[in-house]
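The primary structure of each chain is shown beneath.
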Amino acid sequence: MTKLSSTGLRWSWLVLVVIGIDMASKLWVMNNMMLHETQPLMPFLNLFYAHNYGAAFSFLADKGGWQRWFFAGIAIAIVVALLVMMYRNRASNRLSNIAYALIVGGALGNLFDRAWHGFVVDFIDFYVGNWHFATFNIADCGICIGAALVVLEGFFSPSGKKATS
């Protein structure tokens, strides 16, 4: 039997950190801002309290509610798959385990919102001039950073395959 501390699940503490920061930040926004209120932070960054009933970029947000459970199911499937991958990974595979933990933490943070509220709380508004990126949250940052690390690992990790002639 494998000791859990020797598997990638050793990095599960990072999942809890992402969930904690995500939930605390969303709770602060919900308790201190009105829906659609903007609070400028920097010349390129605002807090903007929004409810996202869809997925990334409000995809399927206006489809009547079925998407809430559809996206919840996808999140659960991704979380389970990544936890299995972390369990099968050695703890020493830091980059992939950190990436998976960030994605799992972000997915669970947004899953909690979706299940509890019926929407995801978004509040980070990045912009340049009049162009605004889609409003997002800390969970989304975890997911994106984790995904970027997975891609980065693909460039730096040996594939383990030799070319055959």
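Note that the structure is a prediction, hence the values are computed from the model and not measured. (Residues numbered from 1 in each chain as written. Predicted model: local features only at pLDDT ≥ 70, side-chain atom pairs only at ≥ 80, totals over all residues. Heavy atoms only, no water.)

(A) Main features of the overall build of the chain. Scanning the chain from N- to C-terminus turns up four helices and four strands. Taken from N to C terminus, the helices and strands of the chain fall in the order α-β-β-α-α-β-β-α. Looking at the chain as a whole, 38% of its 165 residues are labelled buried. By sequence separation, contacts in the chain at least 24 residues apart represent 64% of the contacts at least 6 residues apart. Approximately 10,100 Å² of the chain is accessible, and the part contributed by carbon and sulfur atoms is 69%. (Helix = DSSP H or I, 4+ residues; strand = E, 2+ residues; numbered from the N terminus. Buried < 20%, exposed > 50% of the residue type's maximum accessible area, 1.4 Å probe, protein only. Contact = heavy atoms within 4.5 Å. Areas by Shrake-Rupley, 256 points an atom, 1.4 Å probe, with all protein chains shown as cover.)

(B) Fine view of helix α3 (residues 94–117). Compared with the 34 Å implied by 1.5 Å per residue over 24 residues, the 34 Å span of α3 between its first and last C-alpha is a close match. Gly118 occupies a position one or two residues after α3 and carries a positive phi of about 90 degrees. (Expected span 1.5 Å × (residues − 1).)

(C) Inspection of the state of the cysteines at higher detail. Following the criterion strictly, the structure yields zero disulfides and no others. Summary of cysteine pairing: Cys144 is not part of a disulfide, and the nearest cysteine sulfur, belonging to Cys141, is at 7.0 Å. (Disulfide = S-S within 2.5 Å.)

(D) Region of interest: the side chain of Asn46. You can see Asn46 is positioned in strand β2 (residues 45–52). Aside from chain neighbours lying at most four places away, what touches Asn46 is Thr38, Gln39, Pro40, Leu41, Phe123, Ile124, Asp125, Tyr127 and His132.

(E) Representation of the UniProt feature "active site" (unreviewed entry) in the chain. In this structure's numbering, the residues bearing the UniProt feature "active site" (unreviewed entry) are Asp122 and Asp140. Taking the farthest pair of C-alpha atoms as the criterion, the annotated set spanning 19 residues converges on one region, since that pair is 9.0 Å apart. Residue position: Asp122 is located in strand β3 (residues 120–128). Asp122 has contacts with Phe48, Tyr49, Ala50, Asn52, Thr135, Phe136, Asn137 and Asp140, leaving out every residue within four places of it along the chain. Within the secondary structure, Asp140 is located in helix α4 (residues 138–156). Contact partners of Asp140, with chain neighbours within four places excluded, come to Asn110 and Asp122. (UniProt positions renumbered as here; feature names shortened; annotations may be inferred.)

(F) Broad picture of the environment of Ser6. Here Ser6 lies in the segment before α1 (12–32). Taking the C-alpha atoms as reference points, Ser6 and Arg88, separated by 82 residues in sequence, lie 9.8 Å from one another. Among all residues touching Ser6, those that are not within four sequence positions of it are Asn89, Arg90 and Ala91. A distance of 2.7 Å separates the side chain of Ser6 from the backbone oxygen of Lys3, its partner in a polar contact. (Polar contact = N/O pair within 3.5 Å; in protein donor to acceptor, adjacent residues only side chain to side chain.)

(G) Representation of the pairing of β3 in the model. Of all nine residues in β3, seven are buried, a share of seventy percent or more. Where β2 lies against β3, six bridges are found, and the strand directions are antiparallel. For Ala50, the partnering residue across the bridge sits in β3 and is Asp122. As paired strands, β3 and strand β4 (residues 131–132) are joined by two bridges and run antiparallel to one another. Across the sheet, the residue bridging to Tyr127 is His132, located in β4. Hairpin geometry of β3 and β4 is characterised by an intervening segment of two residues between the two adjacent antiparallel strands and by a positive phi of about 60 degrees at Gly129. (Pairing = 2+ DSSP bridges.)

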